[in-house]
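Overview (structure and organization)
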Amino acid sequence: MRTPIIAGNWKMHKTLAEAVQLAHEIREATADINGVEIVLCPPFTALGAVEGVIAASKVGLGAQNMYWEEQGAFTGEISPLMLDGLCDYVILGHSERRQFFGETDEGVNKKIKAALSHHLIPIVCVGENLAQNEAGETAAFVGGQVKAAFAGLSAEDAIKVIVAYEPIWAIGTGKNADPATANSIIGLSIRGAIAEMYNEDVAQQVRIQYGGSVKPDNVEAYMSQPDIDGALVGGASLKTESFVALVKGALVKVR
Ligand code: PGA
């Protein structure tokens with residue numbers, strides 16, 4: 001049984017005061033919801049303050065990125081050592097990092113290993129762009145990204161990783177992927193790649209989210225799919241009402 005997980009990726013939004021306010025509201029509004037793992041990923045500037053707000057609640061905390069070295073002359077970067085003990089999750093290889101900041105499969109793999117060695121659960125993003133999707137290359141491309149991400153991980157570490165399947169053309173566009181199609185990419189290409197690397201048992205244990213224009217009115221359609229274990233959400237995670245509606249939508253998995 002894979003616990004459903006809804007993660008809010010706040011991206012480059014929210015001042016310190018706004019982040020504290022949103023986290024506070026979400027903590028209150030989700031206090032009675034059980035069976036769904038909830039994760040907030042504020043910008044680095046608000047991590048410490050949000051940690052204080054959600055401490056001792058069921059709401060978890062994640063960073064949006066991280067460098068793989070523990071310390072050194074890497075101006076502007078944040079290390080796994082700095083996140084260790086501050087948060088529990090870290091989003092790695094988001095398509096915006098890959099597109100705008102030149103992140104590679106190799107670098108993402110190093111980050112995943114660094115995160116795991118510092119008690120952080122990586123939420124690893126994969127997904128094809130529109131041209132690849134239209135050319136019918138999705139399965140091969142996404143399968144390749146997964147294999148590159150998991151390269152060199154033990155089975156014990158592999159089952160800790162959360163994968164987020166986020167078709168780039170669906171992120172922030174309102175053009176969400178068809179739930180059944182997303183389910184089959186997740187089941188066949190992503191779980192399939194993990195099964196090829198390890199075995200079916202490992203593949204069945206890894207949690208895989210869908211991301212890309214998930215909203216309150218479509219979340220249940222995704223969460224009703226057997227291979228989709230949760231959602232990584234940008235836009236709809238920025239307001240208490242819509243984020244809480246997403247968490248409630250994930251309850252279809254636990255009913
Ligand atoms: P979106 O973003 O929900 O705004 O489409 C998803 C993401 O980038 O994680």
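Structure first, text after, so check above.
Below or above, wherever it landed, is the structure these notes cover. Everything numeric in this text was worked out from a predicted model, so none of it was measured. (Residues numbered from 1 in each chain as written. Predicted model: local features only at pLDDT ≥ 70, side-chain atom pairs only at ≥ 80, totals over all residues. Heavy atoms only, no water.)

Brief notes about unusual backbone geometry
If you check the backbone angles, Lys-14 has positive phi at about 85° while not being a glycine. The topology assignment puts Lys-14 in the loop between β1 (5–9) and α1 (16–29). Exposure remark for Lys-14: the relative accessible area of 27% places this residue in the partly exposed category. With a phi angle near 55°, Ser-213 is a residue other than glycine that sits in the positive phi range. Topologically, Ser-213 is positioned in the loop between β7 (207–211) and α11 (219–223). (Helix = DSSP H or I, 4+ residues; strand = E, 2+ residues; numbered from the N terminus. Buried < 20%, exposed > 50% of the residue type's maximum accessible area, 1.4 Å probe, protein only.)

Let's talk about helix α2 (residues 44–54)
Taken together, the buried positions of α2 are Ala-46, Leu-47, Val-50, Val-53 and Ile-54. Projected down its long axis, α2 carries its buried residues within an arc of 130°, all on one side. Tucked inside the fold, the buried residues of α2 contact α1, β2 (37–41), β3 (59–63) and α3 (80–83). Directly beyond the C-terminal end of α2, a positive phi value near 70° is found at Ala-56. (Arc of directions from axis to C-beta. Contact = heavy atoms within 4.5 Å.)

Describing the pattern of salt bridges
Per the counting criterion, the structure on display carries 11 salt bridges. Glu-37 serves as the salt-bridge partner of Arg-207, at 3.0 Å between the closest nitrogen and oxygen. Here Arg-207 is found in strand β7, whereas its partner Glu-37 is found in strand β2, with 170 residues between them in sequence. Residue Arg-207 is classed as buried on the basis of its relative accessible area of 13%. One salt bridge in this structure joins Glu-103 and Arg-97, with 3.0 Å as the shortest N-O distance. Because the salt bridges share partners, they merge into one network encompassing Arg-2, Arg-191, Asp-227 and Asp-229. (Salt bridge = Lys/Arg side-chain N within 4 Å of Asp/Glu carboxyl O.)

Some details on the site of the ligand
Surrounding the ligand, one finds 13 residues, the nearest of these being Lys-11, His-94, Glu-166, Gly-172 and Ser-213. Gly-235 places a polar main-chain atom, nitrogen or oxygen, 2.9 Å from an oxygen atom of the ligand. Taking a 2 Å distance to the grid points as the criterion, the majority of the atoms of the ligand fall inside the second largest pocket. (Near = heavy atom within 4 Å. Polar contact = N/O pair within 3.5 Å; in protein donor to acceptor, adjacent residues only side chain to side chain. 1 Å grid on protein atoms, 1.4 Å probe; cavity = no way out; pocket = protein on both sides within 12 Å on 5 of 7 lines; lining within 4 Å. Sits in = over half its atoms within 2 Å of the grid points.)

Brief notes about the sheet that holds strand β4 (residues 89–92)
On the basis of which strands lie adjacent, the closed barrel formed by 8 strands has the order β1-β2-β3-β4-β5-β6-β7-β8 and parallel pairing. The mean angle between the axes of side-by-side strands here comes to 25°, regardless of whether they run parallel or antiparallel. Examined bridge by bridge, β3 and β4 share 2 bridges and lie parallel to one another. Each residue of the ladder has a partner; that of Ala-63, found in β4, is Val-90. (Pairing = 2+ DSSP bridges. Axes fitted to C-alpha atoms, helices over the stretch in contact; angles between N-to-C directions.)

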